[in-house]
Structures are given as C-alpha cells and as structure tokens.
Amino acid sequence: MVTVVGVRFKRAGKVYYFDPDEHQIEKGQAAIVETARGIEYGDVVVGPKQVPDDEIVPPLKKVFVWQQKKTLPYTLKIKNVLWKPLKYAKKRLPSMSWK
C-alpha cells in the first residue's frame, strides 16, 4: 500500500496520483507537481489515502509545492507571467510545430 494524493489539472480532467512525501496536504489545496509534460499546477481533489501498489504507475512523482486557495491569485499571476513569452513566440513563429 502506498500513500497518495489525487491532483487534477483541468476542471473536468483525469485525477493523477502523486506522493505527498510526508507533508500534510489536504483536499482543496493547490499543488505544483512534476509531470511528463513538465512542471504543472493543479488542484488536490483527493486527500491522502492508501492505494494498492497495482493501482499506481511507478515511479510515483512527489508534490513540490502546495498551498491554500487564498494564495491562488498570486500563483496564477506568476503562471501568466511565465507563459507570456511562450505565447508571443507561438504567434511570431507559426511555422514551428508547437505541442
């Protein structure tokens, strides 16, 4: 049995399991985690729970940062600042294949 938290990245998206790494993470908090697509921001929708080893896909990634929802506007402001250069590049260089 492994302790996990469930994180969702989109409003109606799939829930992915991550390792809380001995932190007190609760349902309703925000989390920053490493995924196959890089560092992403999501919401903790499943609090810490025990799941059988066969229900997870190893290796289980750890939650980097978690926070209360009241700090959400600050986090979104930082996220928008980081994405502005990428949006600009996509507009200016449409011939490149962007994923």
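Look a little higher up for the structure.
Residues numbered from 1 in each chain as written. Predicted model: local features only at pLDDT ≥ 70, side-chain atom pairs only at ≥ 80, totals over all residues. Heavy atoms only, no water.

1. Comments concerning the nonpolar core
Buried together is how nonpolar side chains tend to be arranged in soluble globular proteins. In this structure, Val5, Val7, Phe18, Ile25, Ala31, Val33, Val44 and Val63 together form the largest nonpolar core, which totals 8 residues. Elements represented by at least two residues in this core include exactly strand E1 (2-8) and strand E3 (30-35). (Core = buried A, V, L, I, M, F, W, Y, C linked by side-chain atoms within 4.5 Å. Buried < 20%, exposed > 50% of the residue type's maximum accessible area, 1.4 Å probe, protein only. Helix = DSSP H or I, 4+ residues; strand = E, 2+ residues; numbered from the N terminus.)

2. Thoughts on the environment of Pro52
If you trace the backbone, Pro52 turns up in the loop between strand E4 (38-51) and strand E5 (63-67). Using a relative accessible area of 29% as the deciding quantity, one classes Pro52 as partly exposed. Spatially, the C-alpha atoms of Pro52 and Val2 are 6.3 Å apart, while their sequence positions differ by 50 residues.

3. Describing unusual backbone geometry
Trans peptide bonds make up the majority, and among non-glycine residues the majority have a negative phi. Following Pro58, the chain continues into Pro59 via a peptide bond in cis, with omega recorded as -5°. Tracing the backbone shows Pro59 in the loop between E4 and E5.

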